[in-house]
Amino acid sequence: MSTQDIETQTPSPDGEGAAVGAEDIAPKGAMKGAIEKTGDYVDERSGLVTGHKWFLFRNVPGETSWFQTLGFTAMALFGLQAITGIVLAMYYKPDPNTAFQSIQFITNDATWGSLVRGMHRWGASAMIVVVFLHMARVFFWGAYKYPRELTWVTGVILMFMTMFMGLTGYLLVWDQKAYWATVVAVNITASAPVLGPFVADILRAGPEFGPNTLSRFYAIHMLVIPGGIATFIALHLLLITKLGIAEPPWAKRRFRAAREEEAERERMRARTPAGREPVPASPSFEPPQSWPSKDVS
Amino acid sequence: MNKGEQEAYKRDYALAKAQGKPFFPYAVYKDLVVATFAIGFVIFLAIWAPIPVGEPVNPATTDFVPRPEWYFFFLFELLKIFKNENALTPVIMATFIVPNVLMVLLLITPFIDRGPERRIWRRPIALTSGVMVIFFLGYLTHLGAESPGAETGIELENLTPEAEAGLELYLANGCTACHAIKDVGAPGPGPNLTNEGEKGRTIQWQIDHLIDPRSTTPGSTMPAYPNFTDQEYQELAVFLNGLGTEFR
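Positions within a chain are numbered from 1, following the residues in the order the chain's sequence is written. Just so you know, chain letters begin at A and ligand numbers begin at 1, following the order they were written in. In keeping with the predicted nature of the model, local features appear solely for residues at pLDDT of at least 70, side-chain atom pairs appear and are counted solely at 80 or more, and the whole-chain, interface and lining totals rest on all residues. Side-chain numbers come from the whole structure's heavy atoms, not from hydrogens or water.

Each helix corresponds to a stretch of at least 4 residues labelled H or I by DSSP, and each strand to a stretch of at least 2 residues labelled E; elements are numbered beginning at the N terminus. When its secondary structure is counted, chain A shows 11 helices and one strand. For chain A, the succession of helices and strands along the chain, N to C, is α-α-α-β-α-α-α-α-α-α-α-α. As displayed, chain A has an accessible area near 16800 Å², and 66% of this comes from carbon and sulfur atoms. The accessible surface values rely on the Shrake-Rupley method and a 1.4 Å probe; as for residues, cover is taken only from the protein chains in view.

What follows concerns the environment of Leu 193 of chain B. Residue and element names in this part refer to chain B. Along the chain, Leu 193 falls in the loop between helix H7 (161-172) and helix H8 (203-211). In the structure, Leu 193 is positioned 14 residues away from His 179 in sequence and 6.6 Å away in space, judged by C-alpha atoms. Should any heavy atoms of two residues lie within 4.5 Å, those residues are counted as being in contact. Apart from residues no more than four positions distant in its own chain, Leu 193 is found in contact with Tyr 170, His 179, Ala 180, Ile 181, Leu 240 and Leu 243.

Let's shift gears to the packing of H7 of chain B against helix H10 (residues 230-241) of chain B. Between two packed helices, what matters for the description is the angle formed by their axes and the separation of those axes. Residues and elements named next belong to chain B. Across the interface, H7 lies against H10 with an axial gap of 7 Å and an inter-helix angle of 100°. The angle between H7 and H10 places the two elements in the roughly perpendicular class. Listed contacts from H10 to Glu 162, Ala 163, Ala 165, Gly 166, Leu 167, Leu 169 and Tyr 170 of H7 are Glu 232, Gln 234, Glu 235, Leu 236, Val 238, Phe 239 and Leu 240. Partitioned by chemical class, the residues of the contact of H7 with H10 number nine nonpolar, two polar and three charged. Helix axes are fitted only over the stretch in contact, all axes being lines through C-alpha atoms; the angle between N-to-C directions runs from 0 to 180 degrees. Each angle is binned into one of four classes, with values under 35 degrees roughly parallel, values over 145 roughly antiparallel, values of 65 to 115 roughly perpendicular, and all other values oblique. Residue polarity follows a fixed list, in which Ala, Val, Leu, Ile, Met, Phe, Trp, Tyr, Cys and Pro are nonpolar, Asp, Glu, Lys and Arg are charged, and the others, Gly among them, are polar.

In this section: the pattern of salt bridges. In the sections that follow, a salt bridge refers to a side-chain nitrogen of Lys or Arg positioned within 4 Å of a carboxyl oxygen of Asp or Glu. The tally for this structure, following the rule as stated, stands at 14 salt bridges over all chains. Its salt-bridge partner being Asp 113 of chain B, residue Lys 145 of chain A comes within 3.2 Å of it at the nearest N-O pair. A residue pair is termed interchain when its members come from two chains, as with Lys 145 of chain A in the loop between helix H6 (113-140) and helix H7 (149-172) and Asp 113 of chain B in the loop between helix H5 (109-112) and helix H6 (124-145). Any residue under 20% of the maximum accessible area for its type is buried, any over 50% is exposed, and the rest in between are partly exposed; the area is computed with a 1.4 Å probe on protein chains only. Overall, Lys 145 of chain A belongs to the buried group, its relative accessible area being 2%.

This part takes up the packing of aromatic side chains. Classification of ring pairs uses Phe, Tyr and Trp, with its six-membered ring standing for Trp, and accepts pairs whose centres are within 6.5 Å; under 30 degrees between planes counts as stacked, over 60 as edge-to-face, and the remaining range as tilted. As enumerated under the stated definition, the model contains 23 aromatic pairs over all chains in all. Ring geometry for Tyr 91 of chain A and Phe 105 of chain A: centres 6.1 Å apart, planes at 35°, overall tilted. Of this pair, Tyr 91 of chain A sits in helix H4 (residues 70-91) while Phe 105 of chain A sits in helix H5 (residues 99-108), placing them 14 residues apart in sequence. Accessibility expressed as a relative area gives 38% for Tyr 91 of chain A, which makes it partly exposed. We note Arg 58 of chain A situated over the ring of Phe 23 of chain B; from NZ or CZ to the ring centre the distance is 4.4 Å. Charge-over-ring contacts are defined here by two conditions on Lys NZ or Arg CZ: a distance within 6 Å of the ring centre and an angle within 35 degrees of the ring normal.

To continue, consider the interface of chain B and chain A. Across the boundary between the two partners, chain B contributes 87 residues, which contact 82 residues of chain A. Between chain B and chain A, a total of about 7600 Å² is buried, with carbon and sulfur atoms accounting for 70% of that surface. Of all residues in chain B, the largest losses of buried area upon contact with chain A belong to Phe 23, Ile 51 and Val 57 of chain B, amounting jointly to 9% of the total for that side. Across the pair Arg 253 of chain A and Asp 12 of chain B runs a salt bridge, and its minimum N-O distance is 3.0 Å. Pairs of N or O atoms within 3.5 Å make up the polar contacts considered here, provided that, within protein, one atom can donate a hydrogen while the other can accept it, and that residues adjacent in sequence are counted only when both atoms are side-chain atoms. Scanning the region where chain B abuts chain A turns up 28 residue pairs in polar contact (both at pLDDT 80 or more). Summed over both partners, buried area is the accessible surface (1.4 Å probe) that two parts give up on being assembled.

It is worth spelling out the packing of H4 of chain A against H6 of chain A at this point. All names here are of chain A. The interhelical angle for the contact between H4 and H6, taken along N-to-C directions, is 160°, at an axis separation of 9 Å. As summarised for this structure, H4 and H6 are arranged roughly antiparallel, according to the angle between their axes. H6 is crossed by H4, and the crossing has left-handed handedness. For the pair H4 and H6, contact is made by Leu 70, Gly 71, Thr 73, Ala 74, Leu 77, Phe 78, Leu 80, Gln 81, Thr 84, Gly 85, Val 87 and Leu 88 and by Val 116, Arg 117, Met 119, His 120, Gly 123, Ala 124, Ala 126, Met 127, Val 130, Val 131, Leu 133 and His 134, respectively. Class assignment of the residues belonging to the contact of H4 with H6 gives a composition of 15 nonpolar, eight polar and one charged. Two helices that cross are described as forming a left-handed crossing if the nearer one is turned anticlockwise from the farther one by less than a right angle, and a right-handed crossing if clockwise.

As used in this record, nonpolar core signifies buried Ala, Val, Leu, Ile, Met, Phe, Trp, Tyr and Cys residues forming a set joined through side-chain atoms within 4.5 Å. Ranked by size, the top nonpolar core spans 57 residues in total, and within it Tyr 92, Tyr 179 and Ile 229 of chain A carry the most contacts. Where this core is concerned, the elements lending two or more residues are H4, H5, H6, H7, helix H8 (176-190), helix H9 (196-204) and helix H10 (211-243) of chain A together with helix H2 (23-48) of chain B. By residue number, the principal contributor to this core is H6 of chain A, which donates 10 residues. Contacts of Tyr 92 of chain A, omitting those with residues within four sequence positions, involve Ala 99, Ser 102, Ile 103, Ile 106, Leu 172, Leu 214 and Tyr 218 of chain A. Grouped together as the second largest cluster of nonpolar side chains are 24 residues, Ile 154, Cys 175, Tyr 233 and Leu 240 of chain B included.

Residue and element names in this part refer to chain A. Tyr 146 connects to Pro 147 through a cis peptide bond whose omega is 0°. When you line up the elements, Pro 147 lands in the loop between H6 and H7. A positive phi angle is found at Trp 112, which is not glycine, with a value near 60°. As for its position among the elements, Trp 112 is in the loop between H5 and H6. Note on Trp 112: relative accessible area 66%, which makes it exposed.

Structure follows, in structure tokens:
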């Protein structure tokens, strides 16, 4: 079988048979060929495959830390909240007369209902904890500095929305503690100047806590904020992939680079200008203690 | 950071990336390990500590302790610190000014701290403010976690039968969750009522305040109690209006 024969069996879409590597022109299984063709078809029209490869195999600084996994963990927990939330929404009834019974049904009767509800409730707390840890990491690393200022702003907005998720979700169980805590929370909102009373009226769906309040909280909890969070996660991720994740401020590479810069400056100082004596090193200059000096050339 | 420092950072970061590792699998593997652990922990908690079903909502009975989720405890505690007892600590500080100032500060952090230094041990202001914020949030959350229990009795002298009934209503309706009389009950968010009678209010003012707190005290965060009978309102109002004067 000559190369020519193989090419007629599996013609490459762009006809550049000569440039393809040896394994690419070997005969393929029908399945593998079909997958590759589908991939090429999609990539030609969307760039998704190339984009994905760029996303996965782009370089990140070599010394990324375990602390830098918290952002992904927060996103994973949001995914968990979305999934358990969808399952709960299949059984939950946002109506003052039946909400409490539906919670009872989910907890006591529905298959694995107690587990899903427990995961949603504990997942909310876990998400708050992880979001706070993530923010503390970024703060203490100075990772919000140039050029990542806007990444920080979108992240803070995500944190506010996460907390508002907790506030609106708390009322949905429709028990005494949640009800009265939310009454007080909305009263607190109403006490704010200028906009407070209006915002409180919007939250309560009127001047008093009533049947519409529950469905309003349900809609905000289910549709408004998740939409907002998803949008801002997309923005946050776009900025992160565009700018790259920060290097730990104590990266060994950074210290090495600093030492090299200092050595270079040292060489410049010792350089002999034409026809002159070398400039003597300043007697007051002391290399900083924090730089290990063994590598200075 | 000035233009030169920005350029230096970009150049240095490009070097870090060039000498770095591919996102997949090095970073992805770490992400997946931690995220799997976190989700596993949530599942463990859901099985180990199932969420119970509470008491059904009943807007008519008010024997409740309004408790938010734990991550709002710090705001709840702020309310106890600022409880409108004098002009310097208005409730609006806790409900509006302090939280909003903190929110704005958090949002504009990158535009305040623009220095090129990223190592935290060389950033004393950031280190101090960060540690202090964490300490106070933790401290306030810890305070908020100490739930005020239901109180059973307050020792008061010279109670008339009408005020005695008012005291019973006061105890039975969860007023101690937000108010204190003679060190019995929570120190906030509501004002201390030990000397309520000395404020020179009328019985009718007390009744109006119970029915709709904001009609007499604009900006109050107290829930309305519109479901007592006329007699119960009278008993509560007599009890409250005599505190510190007739009943000590």
